[in-house]
Structure formats: C-alpha cells, structure tokens
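The residues making up each chain are set out below.
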Amino acid sequence: MAVAPVGDRRPGAGAAAPPGAAPPTPGSGGGAGAFLDQILQSKSELFRGSREVLRDSYVPPRLPHREEEIRKLAEILGPSLRGDLPSNLLVYGKIGTGKTAVVAQVRSDIERRASANGRLGFLSVNCANLDTSYSLLQTIGNSFAGSDAERIPTGWSLDRVQAAMRRLMEARHGTTVLILDEIDRLVARSGDNVLYTLSQLNTELDGARLSLVGISNDLKFTNQLDARVRSRLNEEKIVFQPYNALELQDILRDRAKEAFNDDVVDPGVVERCAAYAALENGDARRALALLRLSAEMAERDHAKRITPDHVVKAKNRLEQDIVVECCRTLPPHCKVLLYAILQLSERRRNGVLTGEVYDSYRRLAERLGLPPLHARSISNYVSELETLGLVRATIVSRGRGGRTREILVDVPISETVPALEEDPLLAPVARPRNRGQLLLTNFDNPSRAGLL
Ligand SMILES: Nc1ncnc2c1ncn2[C@@H]1O[C@H](COP(=O)(O)OP(=O)(O)OP(=O)(O)O)[C@@H](O)[C@H]1O
Ligand SMILES: [Mg+2]
C-alpha cells in the first residue's frame, strides 16, 4: 500500500498520528524532524493508496451520468479522425458539472485512436491562467514551434505575434482542435478580438485548419461577443446540467471505492456529501472535496471509520474555507467595509443600516491610515459583497419617503471575523483574542476599549 506523499497532506490532517503510534521522541534531532519522520512512516488506516484520487486534478477512468454528453462530444469531434474539420463548439454548464473532465476524456480517447504520424493535434489552454490575448496567441504559436529558435519571444507587437503564430501553424499542416477552457474569463479580461482572429483563421490558412472548443460556466457570456464571433463559435453547443443528489452519490461511490480501504466508510457518509453538494448547485467538485475533508476529519479524530458526523464537520470547515478565501481576495477598502459590517452585526438581531455602516467604516479606515472612500464607492462595494454572497441588502423605508438599505450578514460571523483579523491590513484594529466580548461592547468608543 502506498503512503501518500507528504506534499499531499493538509496541515492538521497529516499531523494526526495513527492510533497506537509511538509519540515523537523528545530530543531526537529537535524541531519538527521526529514528527515528520513519524508522518512519513505512518500508514493511513482509511486510505487505500494515494489521496490524489479525491483531488480535482485526478481524472477518473469513468464519468458516470455524463454518457450522453460524452457521446455528443465524440460525435462532434470524432470526424477529425477521418481528416474532417470538426465544427466549432461551445460547452456550457455550471461549476463542477464535469465539463473539463468530459472534454479531457474525449480528447484522450480520440488521441489514442489517431495515427501516430497523423495530422491531428489537440491543444488545451486554461484561459484563467492567461492575462491577455497576446499571451494566448503566443502560447498557441509556441505549441507548434519545433525548436527553441522558432519560439515567439515576449516583446513582439501583437500583429507580429499573430503572423508568427499563423506561420508556425501553417508549417505544421493538419487539423488542430484548440480547447479554450474558461473562455469567458478571456473575454472578460481582453474582449473578443482574439476570438475573432482565431475563428476566421481557416479562411487565411492553406495547409492547416483550426477547430475551436470553448468551455464556460457563464451561460450568458456569448452576449458579450460580436454577432459574427458568436455565430462562428456557436456552430454546436452542449449544455451540462447540474448533478442531482443520486447522480452525485454514484460519482462519490466510485471514488470512495478507489480511495478508501474496504468498510471504512459508514452508511450515510456518501449520501450526506451528495445531499449537501446537490443543494450547492450540483457541484461534483464540492461533493468530492466534502468526502476528502470528511476523511481528514476522521483521521484527526484518530477514528477507524468515516461517519456522517465527520461530514458535518467537513461541511462547516469547507464553508469556512470558502468564505475565508473569498474575504482574503477582497480589495482593501472592501475588507474594511466587511469588517465594519460584521462588527456592527455581532450585536444585532436585525440588519444594520448603510449610514451606520459608513460611519463605522470611516472610523476604521481612519484608524488604519487609509483615506476613507466616498459613500457612493462604499455603496458599490456593498453591492459587490452582495454579489459574492457575503451579505444581503434590502431597501427599507424610513418615513417621509426616505429610503435606505439594511444589510444582513450571510456568513458565520464568529468564524469570519477572526479570519479577517488575521489579515495584515486589519491586524492593527483587530481585537485581542479572548477579550473579544469586552472590546466588542466598546467598539464604538475605541478609546474606552483601550484600543487607541
Ligand atoms: N461524472 C463524473 N464522474 C466522476 N467525476 C466527476 C464527474 N463529473 C465531475 N467529476 C469530477 O468533479 C470535479 C469537477 O469536474 P470538472 O472540473 O470537470 O468540472 P467543470 O464543469 O469543468 O467545473 P468548472 O466550471 O468549475 O471548471 C473533477 O474532479 C471531476 O473529475
Ligand atoms: Mg472546468
């Protein structure tokens, strides 16, 4: 049985010693050495082998409940095996519905059947990792470069990169299927010019041809495209529906069988992970993350089996992780604003009003040495927090035709506040641990709370 690589272990989970394992010997080298050696030598009682099987990067041999999508995709891309040019295609579906996995599987099935010296090639690009259309054209061009000397250097003009890419493609001959994953991110960042260029390449090329497969979880992204680009890309379309709870159960059972030893997953575990994820838009990635975290919670408890209680713990932890990650990426003033809202809301049953939120935000910003933004910008940030699902804002009337917004927090305050306080930006105004309640009551008068 393989021991999972150290790099695969999350902090905490990896630190769980197996029951009966000897404690690290004091003085045996000092530091974390003995502890780490113990982790290396310990075998998981739960995992059959590598826990990679439950990670996003793992491509399973079977994709249950995607048979129809696989068939349609094979029908559209399959003719490339006979030398025909496949139609351009857009693949849509909400997050975690298996779009990337299905396209990757059909691609590798076709590649396995393509003759070794054939003229068919696939290129997959995740547009989320590219900043500009320039880098996309450069990446495409360089994938055809036979040697370093042929590669397109950075620094050329866009026109020159485009011409070089065309030349390199032409020199290779044959058909290329270009898979643009998260294509909506490309359009949001750099518009649709590059898609216009790519979608009309076939009219300019002699010996080479290009077919485009765009993958997006934004069902409306084509509205942002020029009508010609839209119709060229949309020659074929496949929509992936979210998984329901029963479908997610099948997906999880397959993975659980591969990942865990026999009889370590209690009845109800898979069902609960699937039910939670079905409520969250039928996202298979979420379901798998829950199963993986449940196993880690069980290891942390030194348990021999994963129980439905571990799933509940995993769900709480996952929600916290998602919120924390989301907060971490907010722009500075937006973080201060959220912190102000959370602090005000801690003491309320109802929501807080925009006026008091602004006052509180302004005081915090001043204490942090940030010039406070105008109320209108803060109002836009409230809308942004609402879009992210962190708060909800409703209009309330305040007599005499006056209207204001009432803001309600949509995240667990007790966990989000400490997460925000760990941010170096907010650290100077963070409340010392264990004194939270005392200082909280005095928040509106920081000098009384001893904070100034
Ligand atoms: N039918 C399935 N069977 C087994 N695993 C699946 C299935 N569908 C999705 N998965 C797994 O769920 C995870 C998410 O799938 P995938 O990355 O393909 O989703 P996606 O639709 O591309 O999501 P996003 O829009 O966020 O990119 C992956 O680990 C994938 O292997
Ligand atoms: Mg994807």
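Located above this text is the structure these notes cover.
Residues numbered from 1 in each chain as written. Chains lettered and ligands numbered in written order. Predicted model: local features only at pLDDT ≥ 70, side-chain atom pairs only at ≥ 80, totals over all residues.

What to know about the sheet that holds strand E5 (residues 236-240)
Strands sit in the order E2-E3-E4-E1-E5 across an open sheet of five strands; the sheet is parallel. Each edge of the open sheet carries a strand with a single partner, namely strand E2 (120-126) and E5. Adjacent strand axes in the sheet meet at a mean angle of 15°, parallel and antiparallel pairs treated alike. Taken together, the five bridges between strand E1 (residues 89-93) and E5 define a ladder with parallel strand orientation. Across the sheet, glycine 93 pairs through a bridge with phenylalanine 240, a residue of E5. (Pairing = 2+ DSSP bridges. Helix = DSSP H or I, 4+ residues; strand = E, 2+ residues; numbered from the N terminus. Axes fitted to C-alpha atoms, helices over the stretch in contact; angles between N-to-C directions.)

Quick word on the sheet that holds strand E8 (residues 403-409)
Backbone hydrogen bonds hold the strands of a sheet together, and the pairing may be parallel or antiparallel. One open sheet holds the three strands; their spatial order is E6-E8-E7, and the pairing between them is antiparallel. Two strands bound the open sheet, and with one partner strand each, they are strand E6 (352-353) and strand E7 (391-397). In the packing of helix H16 (residues 375-387) onto the sheet, contacts are made with E7 and E8, and the angle to E7 comes to roughly 125°. (Contact = placed C-beta atoms within 7 Å.)

As for the site of ligand 1
Around ligand 1, a shell composed of 19 residues is seen, among which Ile95, Gly98, Thr100, Ala101 and Ala284 lie nearest. Contributing elements (two or more residues each) for the shell around ligand 1: helix H3 (99-113) and helix H12 (284-300). Split by residue class, the shell around ligand 1 holds eight nonpolar, seven polar and four charged. Inspection of the shell around ligand 1 shows a minimum of three residues originating in each of domain 1 (6-58 + 244-326) and domain 2 (67-240). (Near = placed C-beta within 6 Å. Nonpolar A, V, L, I, M, F, W, Y, C, P; charged D, E, K, R; others polar. Domains from an automatic or database assignment.)

Comments concerning H16
In a regular helix each residue adds 1.5 Å, so 13 residues correspond to 18 Å; H16 covers 19 Å between its end C-alpha atoms and thus fits that length. Listed in full, the buried residues belonging to H16 are Ile378, Tyr381, Val382 and Leu385. On an axial view of H16, the arc spanned by its buried residues comes to 110°, and they lie on one face. Structural note: H16 exposes Arg376, Ser377, Asn380, Ser383 and Thr387 on the side pointing more than 90 degrees away from its buried face. (Expected span 1.5 Å × (residues − 1). Buried ≥ 20, exposed ≤ 12 C-beta atoms within 10 Å, placed from the backbone. Arc of directions from axis to C-beta.)

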